[in-house]
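What follows is each chain in one-letter form.
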Amino acid sequence: MKLRRRQRERLSLGIQYLVFIAVIAAVLFAADWDRLADAFFRVDIIKSMFPTIITVALRNTILYTLGAFAFGLVFGTILALMRLSRVAPYRWVATAYIELFRGLPALLVLFLVGYGIPIAFPERQIPGGVFGSIAIGLGLTAAAYMAETIRAGIQAVPKGQMEAARTLGMSHFTAMRTIVIPQAFRIVIPPLTNELILLTKDSSLAYVLGVTAQTIEITKFGRDMLNDRVNATPLLVAGLAYLVITLPLSQVVRRLELRYAKAR
Amino acid sequence: MTTTPSRPAVEIRDLHKSFGPLEVLRGIDFEVAQGEVVCVIGPSGSGKSTLLRCVDLLEEPTAGRIWVNGVEMTDPDVEVDAVRRGIGMVFQSFNLFPHLTVLNNLTIAQRRVLRRGRAEAERIARANLERVGLTDKADAFPAQLSGGQQQRAAIARSLSMEPKLMLFDEPTSALDPELVGDVLTVMRKLAEEGMTMMVVTHEMAFARDVADRVVFMDGGVVVEQGPPQEVLGAPKHERTRAFLSRVLDPTRVAQLGQPDQAPEPPAASGLPADDRRAV
């Protein structure tokens, strides 16, 4: 018997729903819920993690992220402008830096900043302690990525904008600062947010620098609790703590994009 | 920077400009007197926009010299930013700053370049918005304006710098036909106020009514120039005649092949008054 088109579509859709329900049912049935709850959702452990996970761990994660982002943004903007410079050596240096630091693991760079520099210059200290080391260690890598993003953003601003600014008597520098770069940043807000979210997660690498109870961040805090209580619940809570940062961030950016859409 | 009244607003001597192997301007000699309105016409690719952009040094001439208000633009030591303050430029694509409100578009260069205070800059900006009929759009963003409004805002932005010379690079070519009139009205008013203007345009009716002189360019040279009634009404050169007949009466082009339909030089006075965009 030949089915009509609409019947075939309905049948295909029905089968897909059936498969979905079957898989869910299998998982629900097969999972050992008591043991899962015991390993991942011990309410007493969750309670014991508060308020420290918020007041110390989450706070530090945010601070490290913002520090690295600020460092990367400033340094990345400088690198982007160097890549677009008329002075060839500036372009070479910026290109070499970007290629180098995009190719190195963030962890290695963090080791270099945290241990390599103190060995080379034992008499000097990186300002800001652990915070400074992380901001610079992660920021150096982030700057390489951000530089490429910002350069693309600057080049995406129509040439007529620079021309109009120059014909009004603005210097190249003033035109760049007041006309081109503000527009470039509106263009690169989505990719820069991506970078901010990546940095939020990379801030978990801070543990390699040997954090203390005051400088601990979310992942290290969760792992310490895991060792302490021999239970996986802290990892679940730590994961949720990251989402508390990243999900609102996505929302804020969506708002910003809508607001700027009006001004573009 | 002092302006010598005896010097023309724009003086161009033997100007050449090449883009790679392509020579766009092949020896232009050209002047615009103080207070004069000059319309530059010609087919696309004739070099008229390049000529205009050379005056503001948006294009670096390959050879030749240019003076603006007595200052040599082609002098390697010229303070370009200072000379540009006296020159207003209006682009085909408006080039308003999209991230700023209309008011801030008009004040930003006043404040950053002329170092005017906010209150003074805004007063001058609002006065110029009134000149172009956009008083109520001060707080709008460019994207919220029609093309004609954007171009008028761009003209007001240039005027806020109080230039002595205004350059227009096909200011109405990107506009819907029904929006062209508003922009041309603003430009006509400006001409009547005595502004020195150099206008690259396809608006033959505007050139006929407003220009003191019309310059026809083709192939990177000035083919012919003179009062509008001469150049548009009784062109001497065959190339000018061919161009004008194409622009003024596009439907006749199809019949050009027939000898008995060879285009007459159209009488300028015979132009319909509302035929502003005869392309």
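Owing to the predicted nature of the structure, the values given are computational and were not obtained by experimental measurement.

Engineer: Teacher, can you tell me more about the overall build of chain B here?
Structural biologist: If you tally the helices and strands in chain B, you get nine helices and ten strands. Considering chain B as a whole, with its 279 residues, one finds that 55% of them fall into the buried category.

Engineer: Just to check I follow, could you spell out the overall build of chain A for this structure?
Structural biologist: Scanning chain A from terminus to terminus reveals eleven helices and zero strands. The linear arrangement of helices and strands in chain A, starting from the amino end, is α-α-α-α-α-α-α-α-α-α-α. The C-alpha atoms of chain A give 25 Å as radius of gyration, which overshoots the globular expectation for 264 residues (18 Å, by more than 25%). Look at the contacts in chain A between residues 6 or more apart in sequence, and 77% of them connect residues 24 or more apart. When the accessible surface of chain A is summed, it comes to about 15,500 Å², and 67% of that surface belongs to carbon and sulfur atoms. Considering chain A, the positive charge centre built from 29 side chains and the negative charge centre built from 15 side chains are found 14 Å apart.

Engineer: Quick question: what am I supposed to make of the UniProt feature "domain: ABC transmembrane type-1" (unreviewed entry) in chain A here?
Structural biologist: Under the UniProt annotation, "domain: ABC transmembrane type-1" (unreviewed entry) lies at residues 58-253 of chain A. Annotation note: span residues 58-253 of chain A, helix share 81%, strand share 0%, distance between end C-alpha atoms 20 Å.

Engineer: Honestly, the pattern of salt bridges in this entry has me stumped. Any pointers?
Structural biologist: Opposite charge on two side chains permits pairing when their charged atoms draw close. All names here are of chain A. Counted according to the given criterion, the structure contains 27 salt bridges over all chains. Notably, a salt bridge pairs Glu163 with Lys159, separated by 3.7 Å at the nearest N-O pair. Within this pair, Glu163 and its partner Lys159 are both found in helix α8 (residues 159-167), separated by four residues, close to a single helical turn. For Glu163, a relative accessible area of 12% corresponds to the buried category.

Engineer: Help me out: how do you make sense of the sheet that holds strand β5 (residues 71-72) of chain B in this one?
Structural biologist: In any sheet, the strands associate via hydrogen bonds between backbone groups, in a parallel or an antiparallel arrangement. All names here are of chain B. Taken in spatial order, the four strands make up an open sheet running β2-β1-β4-β5, and their pairing is antiparallel. The two strands at the open ends of the sheet, each matched to only one other strand, are β2 (22-32) and β5. Its contacts with the sheet place helix α1 (residues 48-55) against β1 (10-19), β2 and β4 (63-68), and it is angled at close to 120° to β1.

Engineer: Can you help me understand helix α9 (residues 172-202) of chain A in this one?
Structural biologist: Each turn of an α-helix holds 3.6 residues, which means side chains three or four residues apart point in the same direction. If you check α9(A), its first and last C-alpha atoms are just 37 Å apart, much less than what 31 residues at 1.5 Å a residue would give, namely 45 Å. Its axis deflected by about 60° at A:Ile189, α9(A) carries its strongest bend there, up to four residues before the proline A:Pro190.

Engineer: Just checking my understanding: could you explain the nonpolar core for this structure?
Structural biologist: Soluble globular proteins tend to bury their nonpolar side chains together. One finds B:Ile12, B:Phe30 and B:Met198 to be the most contacted residues of the largest nonpolar core, which totals 87 residues. Per-element accounting of this core gives the leading share, eleven residues, to α9(A).

Engineer: Hey, could you run me through the sheet that holds strand β7 (residues 165-169) of chain B in this one?
Structural biologist: Residues and elements named next belong to chain B. The strand order across the open sheet built from six strands is β6-β7-β8-β3-β9-β10, with neighbouring strands paired in mixed fashion. Both edges of this open sheet fall to β6 (87-90) and β10 (221-226), since each of them pairs with a single strand only. Strand-to-strand twist of the sheet, defined as the mean angle between neighbouring strand axes without regard to direction, takes the value 15°. Relative to strand β8 (residues 196-200), β7 runs parallel, the two being bridged by five bridges.

Engineer: Just checking my understanding: could you explain the UniProt feature "transmembrane region" (unreviewed entry) in chain A for this structure?
Structural biologist: All names here are of chain A. As recorded in UniProt, the feature "transmembrane region" (unreviewed entry) lies at residues 12-31, 62-82, 103-121, 127-147, 168-189 and 232-253. The annotated region residues 62-82 carries 100% helix and 0% strand content, and the separation between its end C-alpha atoms amounts to 30 Å. Along residues 103-121 one finds 84% helix and 0% strand; the C-alpha atoms at either end are 25 Å apart.

Engineer: Please clarify how the UniProt feature "domain: ABC transporter" (unreviewed entry) in chain B should be interpreted in this entry.
Structural biologist: UniProt marks residues 10-244 of chain B with the feature "domain: ABC transporter" (unreviewed entry), using the numbering shown here. Helix makes up 37% of residues 10-244 of chain B and strand 26%, and the two end C-alpha atoms of the span are 26 Å apart.

Engineer: Sorry if this is basic, but what is going on with the side chain of B:Arg213 here?
Structural biologist: Residues and elements named next belong to chain B. Turning to its location among the elements, Arg213 is positioned in strand β9 (residues 213-218). Residue classification places Arg213 among the buried residues on the basis of a relative accessible area of 15%. In terms of polar contacts, Arg213 uses its side chain to reach the side chain of Glu36, at 2.9 Å. Ignoring anything within four residues of it in the chain, the contact list for Arg213 reads Phe30, Glu31, Val32, Glu36, Val37, Val38, Cys39, Gln225, Gly226 and Pro228.

Engineer: Just to check I follow, could you spell out the packing of aromatic side chains for this structure?
Structural biologist: Here the distance between the centres and the angle between the planes together describe a pair of aromatic rings. Evaluated as defined, the whole model comprises six aromatic pairs over all chains. For the ring pair A:Phe75 and A:Tyr97, a centre distance of 5.1 Å and an interplane angle of 75° mean the geometry is edge-to-face. Taken together, the residues A:Phe75 in helix α4 (residues 52-83) and A:Tyr97 in helix α5 (residues 88-103) connect sequence positions 22 residues apart. Residue classification places A:Tyr97 among the buried residues on the basis of a relative accessible area of 14%. With 5.3 Å between their ring centres and 40° between their planes, B:Phe216 and B:Phe243 make a pair best called tilted. A residue pair is termed long-range when its members are at least 10 positions apart, and B:Phe216 in strand β9 and B:Phe243 in helix α9 (residues 238-248) qualify at 27 residues. Assessed through its relative accessible area of 0%, B:Phe216 is described here as buried. One aromatic cluster is present, formed by A:Phe71, A:Phe75, A:Tyr97 and A:Phe101 through successive ring pairs. A:Arg223 extends its terminal NZ or CZ atom over the ring of A:Tyr207, reaching a point 5.3 Å from the ring centre. Above the ring of B:Phe19, the side-chain terminus of B:Lys17 is found at 4.9 Å from the ring centroid.

Reading the values: rules and limits
- Residues numbered from 1 in each chain as written.
- Chains lettered and ligands numbered in written order.
- Predicted model: local features only at pLDDT ≥ 70, side-chain atom pairs only at ≥ 80, totals over all residues.
- Heavy atoms only, no water.
- Helix = DSSP H or I, 4+ residues; strand = E, 2+ residues; numbered from the N terminus.
- Buried < 20%, exposed > 50% of the residue type's maximum accessible area, 1.4 Å probe, protein only.
- Rg over C-alpha atoms; globule rule 2.2 N^0.38 Å.
- Contact = heavy atoms within 4.5 Å.
- Areas by Shrake-Rupley, 256 points an atom, 1.4 Å probe, with all protein chains shown as cover.
- Lys, Arg positive; Asp, Glu negative; His and termini not counted.
- Charge placed at Lys NZ, Arg CZ, Asp CG, Glu CD.
- UniProt positions renumbered as here; feature names shortened; annotations may be inferred.
- Salt bridge = Lys/Arg side-chain N within 4 Å of Asp/Glu carboxyl O.
- Pairing = 2+ DSSP bridges.
- Axes fitted to C-alpha atoms, helices over the stretch in contact; angles between N-to-C directions.
- Expected span 1.5 Å × (residues − 1).
- Bend = angle between axes of the 7 residues up to and from the residue.
- Core = buried A, V, L, I, M, F, W, Y, C linked by side-chain atoms within 4.5 Å.
- Polar contact = N/O pair within 3.5 Å; in protein donor to acceptor, adjacent residues only side chain to side chain.
- Phe/Tyr/Trp six-rings, centres within 6.5 Å; stacked < 30°, edge-to-face > 60°.
- Lys NZ or Arg CZ within 6 Å of the ring centre and 35° of its normal.

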